[in-house]
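# Coordinates in review
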Amino acid sequence: IGQPKEDKNTQNLIVAYAIEQSEVASYEALKVAAEAVGDIPTANLAEEIQREEQMAAQRIWNLIPANARLSVKRQTSGEWERSRRGDVSGIAGSPV
């Protein structure tokens, strides 16, 4: 409530990135544990999935700067304040 959409999007992306990185770390732990007990197939699978999680994290990371810039641009242009007051005239994408 009362938060610019782009700012909320940026925050959601940061959370998603943190989750992906947590998964990367979890697969690292699984890989190491599997190697420690000689379960090479599980270690290999964990490493493969870990690479996929790293790629997902990188895709999310790449979205953060554009969203942050858009949020700042919108807030500094006064667009956010006008939209909070219900004055959408002159706001890009508004029906007015």
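Up top you'll find the structure we're talking about.
We now turn to the structure provided with this report. Because the structure is a prediction, the values reported are computed rather than measured. (Residues numbered from 1 in each chain as written. Predicted model: local features only at pLDDT ≥ 70, side-chain atom pairs only at ≥ 80, totals over all residues. Heavy atoms only, no water.)

### Overview of helix α2 (residues 40-76)
Helix length check: α2, at 37 residues, gives a terminal C-alpha distance of 54 Å against a target of 54 Å (1.5 Å per residue), a fit within 8%. Taken as a whole, α2 has its buried residues at A43, A46, Q50, E53, A56, A57, I60, I64, N67, S71 and R74. After α2 finishes, the residue G78 shows a positive phi value of roughly 85°. (Helix = DSSP H or I, 4+ residues; strand = E, 2+ residues; numbered from the N terminus. Expected span 1.5 Å × (residues − 1). Buried < 20%, exposed > 50% of the residue type's maximum accessible area, 1.4 Å probe, protein only.)

### Things to note about the side chain of K31
Within the secondary structure, K31 sits in helix α1 (residues 5-36). You can call K31 buried: its relative accessible area is 12%. Contact partners of K31, with chain neighbours within four places excluded, come to A43, A46 and E47. (Contact = heavy atoms within 4.5 Å.)

### Topic: the packing of aromatic side chains
On inspection of all chains with the given rule, the structure shows 1 aromatic pair. For the pair Y17 and W61, a centre-to-centre distance of 5.0 Å together with 45° between the ring planes defines the contact as tilted. Taken together, the residues Y17 in helix α1 and W61 in helix α2 connect sequence positions 44 residues apart. A relative accessible area of 22% means that Y17 is categorised as partly exposed. Overall, W61 belongs to the partly exposed group, its relative accessible area being 45%. (Phe/Tyr/Trp six-rings, centres within 6.5 Å; stacked < 30°, edge-to-face > 60°.)

### Some remarks on the pattern of salt bridges
Close approach of charged atoms allows side chains of opposite charge to pair. This model, assessed by the stated rule, comprises 2 salt bridges. For K31, the salt bridge identified is with E28, shortest N-O distance 3.7 Å. On the criterion of helical spacing, the pair formed by K31 and E28 is a turn pair, its members being 3 residues apart in helix α1. A relative accessible area of 32% means that E28 is categorised as partly exposed. With a shortest N-O distance of 3.8 Å, K31 and E47 are connected by a salt bridge. Taken together, the residues K31 in helix α1 and E47 in helix α2 connect sequence positions 16 residues apart. A residue is classified by how much of its surface remains accessible, and E47, at 30% relative accessible area, is partly exposed. (Salt bridge = Lys/Arg side-chain N within 4 Å of Asp/Glu carboxyl O.)

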